[in-house]
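For reference, the chains in residue letters:
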Amino acid sequence: MASSQQRETPSPDDGRQAEINRADQYTIGWICALPIELAAAVKMLDVEHQRLPPPPGDDNSYRFGRIGDHNIVIGCLPSGRTGFVSASSVATQMMSAFRQIRVGLMVGIGGGVPSEDNDVRLGDIVVSHPNGQHGGVAQYDFGKARPDGILERIGSLNAPPNALLTALTDVRAAEEMDELNIVDYLSRLTDRLPPYAYPSKLTDCLYQSWYSHDGGRNCIRCDSENSVVREKRSTNGPRIHYGTIASGNMVMKDAIERDQISQALGGVLCFEMEAAGLMNKFPCLVIRGISDYSDSHKNDGWQRYAAATAAAFAKDLLYHLATTRINQIDPISQAMKQMASRLIRNSEMVERTNQEIGKTIQQLMILCASSLRCLVTSRKESDIWKSLQSVASCVIDIEPAIKEDVAKLVAFALQQYPIRRWGDTILALIATKLLDAKERRFRWTDLQIKRLCACPTEDDLLIALDTIPESLEEAYHQALATIPSTLQERVRKILIWLASSFREMTSREIAAVVSFPFVDDVLKICTSLLVTVIDGDTHETIKLAHFTVKEFLIVQQSYDESLYWYKFTAQLAHCCITDQIIHYVFPSSISFPKALRPYAEAFWLAHARQNDATTDWAETQLLVDCILKHDNILFKNWLRANHPAEACAQSPLYYASLLGLEVSVMNLWRELLPGGNEFSDFDVKIAMDLKLRLAVMLHIGAIRRWKRLKSRRKCLVGWDNCRSSETLIPHPIHGILVLPR
Ligand SMILES: [Zn+2]
């Protein structure tokens, strides 16, 4: 802890450049988003240090200095690029350039949320602090899609590190004893930078949330009759508020939305746009000076002063932060390495699209820029290739090497495998056939060698050589062609499930799909070329044998089924699975197999939502609509378990909208419209915008919001017609956008 002596007389910035110039001496990372915040931060330093040459590959601008016993590096977001992504990339680069950074501060301005509980005013300071619900920062515009398709808000990001929370306790005690020096720091700053002084010429006016800005700079045309009457404060000094900060990617400038989101998050103190990009990778405290009220009246008159109050608080906090505590924390760069290894394991386990994998690798490589070496191998697919080229320092084409390896495999097989029994002429023929083939994938070569090894006579061998498939796809085709027609339907069903289920399936589950009492029979009817079983700790998992099998089975457009009975579109696969598991929530004479219940409960909705309104779906969709329309006990039970708040009787349209079943919404609405209505020809899109959905879920003024959207001429067309139509009155249509064709 710094001595009180030091606190009272901070070393003046006498322009002397200190000699510290080694990156490893900086333990505090201070991030700001705007140039005015950077200026306030630099002027708060006790001593400013000489700038270090920029680290290679790092395009951020850094300033250096000392406050109390702490050496600090200050980084600012690139001009004009605020938001999560920028903040996250500055933090990442800062951590890899300054490896001894232990904790961070995010210091700048924010939009306040005044409420009955919190008398937040312009110039006040808001500090992120964990409460029961959140870790101090809540990201409000980011949801995670659950398997049933509903967006679930990820409520909370990591709490600030303990060392900073302990320092906060000391700061709060000092505040009680009137021992904080914030006002002092502010007056010293404004002596040198007058624009950062308290803007006494401007008034701090808070308008009622329903009253929108009437135009003009600094609200000259706004009616002060509509302002909120607040008690006058005895001093102009900033007050400090501790609690939840809401972080999102859009500027908040709407008082009604501000209050709704605050209520949904259990009460927030301010809105800002960067913290959510930091909290889970850069352990930091967020400090915001309030420059506006997040409403339509916001202007920039208070920004400099607000930036100054936040920086002054940060300085006071650093004087209360013990260096011994800081030195006990592991540098963030070490924690980063652990995260990188987690990321690698994670991307191995989850099946992703090439694009997603490319993005993950990109992030990983930026993250590890100077602390890890990363080797990535992949097939030469254009999207992976493209995403890697921009970050990789060295790219090697290994295709020629693969050719050499395939040749080695063939040579080895001819010497060691059972085919070596045949005479030299035949062996030479085999070598030519295998090496001259266009197909050069290992899996293909390996499969052909195994096939030739299985031939008992020379004639069989010659026939096998004559019918060598030209490609891996051809090999799969050959294997499927041998399956007798009596089994084809069941094999197809198994392949559909293995290619399109939303999670890995156990052997027991797949056996239940085709009503086989014995699990082993699944493998018996599907060739091992296509399907493989992996023994896990607790159960067997059954999978397609190779990712190329899935690529082979799934086609973009419907095939002639008489030619290729085993190929299917992704749409058809989801329809087929829905058709089977919908009976979990649909009363029918079919008794539902016990083994499939957990999967059906978790994923029937996710499959049903894949309906793209094609004719394949017609019958299955009827069942889905039926579930919504009829008072169905199985569906009610499922609702009670998965959406307890929504289980009371609502209209079918409401449920269709709630569950994101777009085609059902369209069908049900069509049924409600009187014949010949001009809106009978429309497209319906479920509002997937989280803010709208939040409004739907919580039933907060959803209708009011729709009206406001309409007044902004954004999207709602025909609302009034629908509302006045008698048929629609008992059906709340919250959360639906109607787009004219
Ligand atoms: Zn105004």
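Refer to the structure printed above.
Since this is a predicted model, take the numbers as computed values, not measurements.

Draft legend 1. Region of the structure containing the packing of helix α12 (residues 399-416) against helix α14 (residues 442-453). It is at 10 Å that the axes of α12 and α14 come closest, and there the two elements cross at 15°. Between α12 and α14, the angle is such that the two are roughly parallel. As for the relative orientation of α12 and α14, their crossing is right-handed in sense. Packed against α12, whose contacting residues are D405, V406, L409, V410 and A413, the element α14 presents F442, T445, D446 and I449 at the interface. Class assignment for the residues of the contact of α12 with α14 results in six nonpolar, one polar and two charged.

Draft legend 2. Spatial organisation of the coordination of the zinc ion. Looking at the metal site, the zinc ion is ligated by H213 (ND1), C219 (SG), C222 (SG) and H297 (ND1), spaced 2.0 to 2.3 Å from it. Bound by four donor atoms, the zinc ion shows angles of 94 to 119° at the metal and therefore tetrahedral coordination geometry. Linear spacing of the donor residues for the zinc ion on their chain is H-x5-C-x2-C-x74-H. With C219 in the loop between α5 (182-192) and β10 (240-243) and H297 in the loop between β13 (284-292) and α7 (303-319), the pair connects residues that are 78 residues apart, well separated along the chain. Given a relative accessible area of 7%, H297 falls into the buried group.

Draft legend 3. How the structure looks around a nonpolar patch on the surface. Together, I396, I398, I402 and F442 make up a nonpolar patch on the protein surface, roughly 360 Å² of accessible area in all. Note on placement: F442 falls in helix α14.

Draft legend 4. Molecular detail of the nonpolar core. Residues I419, I430, L480, L495, W497, F635 and W638 are the most contacted members of the largest nonpolar core, which totals 89 residues. Sorting elements by how many residues they give to this core places helix α17 (residues 485-500) first, with seven residues. Ignoring any residue separated from it by four or fewer positions in sequence, one finds F635 in contact with V585, W604, I627, L628, Y655 and L659. Core analysis: the second largest hydrophobic core is formed by 86 residues, V42, L77, M279 and A310 among them.

Draft legend 5. Up close: unusual backbone geometry. At N218, a residue that is not glycine, the phi angle is positive and equals roughly 50°. With respect to the secondary-structure elements, N218 resides in the loop between α5 and β10.

Draft legend 6. Region of interest: the state of the cysteines. This model, assessed by the stated rule, comprises zero disulfides. Between C76, a cysteine without a disulfide, and C32, which holds the nearest cysteine sulfur, the sulfur-to-sulfur distance is 4.5 Å. C76 sits in the buried class, given a relative accessible area of 9%.

Draft legend 7. Geometry of the environment of D46. Mapped onto the elements of the fold, D46 is located in the loop between α2 (35-44) and β2 (47-49). Linking D46 and G68, residues 22 residues apart in sequence, is a C-alpha distance of 7.2 Å. Polar side-chain contacts of D46 include one of 2.9 Å to the side chain of K315.

Draft legend 8. Region of interest: the packing of aromatic side chains. Applying the stated criterion across every chain, the model contains 23 aromatic pairs. Aromatic side chains Y62 and F64 sit 6.5 Å apart centroid to centroid with 50° between the ring planes, which places their arrangement in the tilted category. Classification of Y62 by relative accessible area gives buried; the value is 5%. A residue is classified by how much of its surface remains accessible, and F64, at 1% relative accessible area, is buried. Plain terms: the ring middles of Y207 and Y211 are 5.5 Å apart, the flat faces sit at 45° to each other, and that makes the pair tilted. Taken individually, Y207 and Y211 each receive the classification buried, so the pair is uniform in this respect. Each member of the aromatic cluster is reached from another via a ring pair, and the members are Y476, F552, Y564, W565 and Y566. The positively charged end of R172 is found above the aromatic ring belonging to Y242, 3.9 Å away from the centroid. Looking at K315, its charged tip hangs above the ring of Y185, at a distance of 4.8 Å from the centre.

Draft legend 9. A look at the sheet that holds strand β16 (residues 540-544). Pairing is antiparallel in the open sheet, where three strands are placed in the order β14-β16-β15. Either end of the sheet is taken by a strand with one partner, and the two such strands are β14 (505-506) and β15 (531-535). Here two bridges tie β14 to β16, and the two strands are oriented antiparallel to one another. Opposite M505, over in β16, you have I542 as the bridge partner. Of the strands in this sheet, β14, β15 and β16 touch α17, which is tilted by about 95° from β16.

Draft legend 10. Examining the pattern of salt bridges more closely. On inspection of all chains with the given rule, the structure shows 15 salt bridges. Note that R288 and E274 form a salt bridge whose closest N and O atoms lie 3.2 Å from each other. Of this pair, R288 sits in strand β13 while E274 is found in the loop between β12 (270-272) and β13, placing the two residues 14 residues apart along the sequence. Each of D119, R121, D124 and R233 takes part in a single network of salt bridges with overlapping partners.

Draft legend 11. Region of interest: helix α24 (residues 633-642). Among the residues making up α24, those that are buried are F635, K636, W638 and L639. Buried positions in α24, seen along its axis, are confined to an arc of 160° and lie on one side of it. Seen from the open side of α24, the exposed residues pointing more than 90 degrees away from its buried face are I633 and A641. Buried residues in α24 make contact with α22 (597-608), α23 (618-629) and α25 (652-658). Structurally, the start of α24 carries an N-cap: the backbone nitrogen of L634 is 2.8 Å from a side-chain oxygen of N632.

Draft legend 12. Just the packing of α2 against α7, in detail. At a closest axis distance of 9 Å, the pairing of α2 and α7 adopts a crossing angle of 40°. When the axes of α2 and α7 are compared, the pair comes out oblique. Taken as a pair, α2 and α7 cross one another with a handedness that is right-handed. Of α7, the residues touching α2 (which contributes I36, E37, A40, A41 and M44) are Q303, R304, A307, A308, A311, A312 and K315. Residues that form the contact of α2 with α7 fall into these classes: eight nonpolar, one polar and three charged.

Analysis parameters
Residues numbered from 1 in each chain as written. Predicted model: local features only at pLDDT ≥ 70, side-chain atom pairs only at ≥ 80, totals over all residues. Heavy atoms only, no water. Axes fitted to C-alpha atoms, helices over the stretch in contact; angles between N-to-C directions. Helix = DSSP H or I, 4+ residues; strand = E, 2+ residues; numbered from the N terminus. Parallel < 35°, antiparallel > 145°, perpendicular 65-115°, else oblique. Left-handed = near helix turned anticlockwise from the far one by under 90°. Contact = heavy atoms within 4.5 Å. Nonpolar A, V, L, I, M, F, W, Y, C, P; charged D, E, K, R; others polar. Donors = N, O, S within 2.8 Å, 3.2 Å for Na, K, Ca; no water. Tetrahedral: all angles 85-135°; square planar, octahedral: opposite > 155°, others 65-115°. Buried < 20%, exposed > 50% of the residue type's maximum accessible area, 1.4 Å probe, protein only. Patch = residues over 30% accessible without salt bridge, like charges linked within 9 Å, V, L, I, M, F, W, Y side chains within 5 Å. Areas by Shrake-Rupley, 256 points an atom, 1.4 Å probe, with all protein chains shown as cover. Salt bridge = Lys/Arg side-chain N within 4 Å of Asp/Glu carboxyl O. Core = buried A, V, L, I, M, F, W, Y, C linked by side-chain atoms within 4.5 Å. Disulfide = S-S within 2.5 Å. Polar contact = N/O pair within 3.5 Å; in protein donor to acceptor, adjacent residues only side chain to side chain. Phe/Tyr/Trp six-rings, centres within 6.5 Å; stacked < 30°, edge-to-face > 60°. Lys NZ or Arg CZ within 6 Å of the ring centre and 35° of its normal. Pairing = 2+ DSSP bridges. Arc of directions from axis to C-beta.

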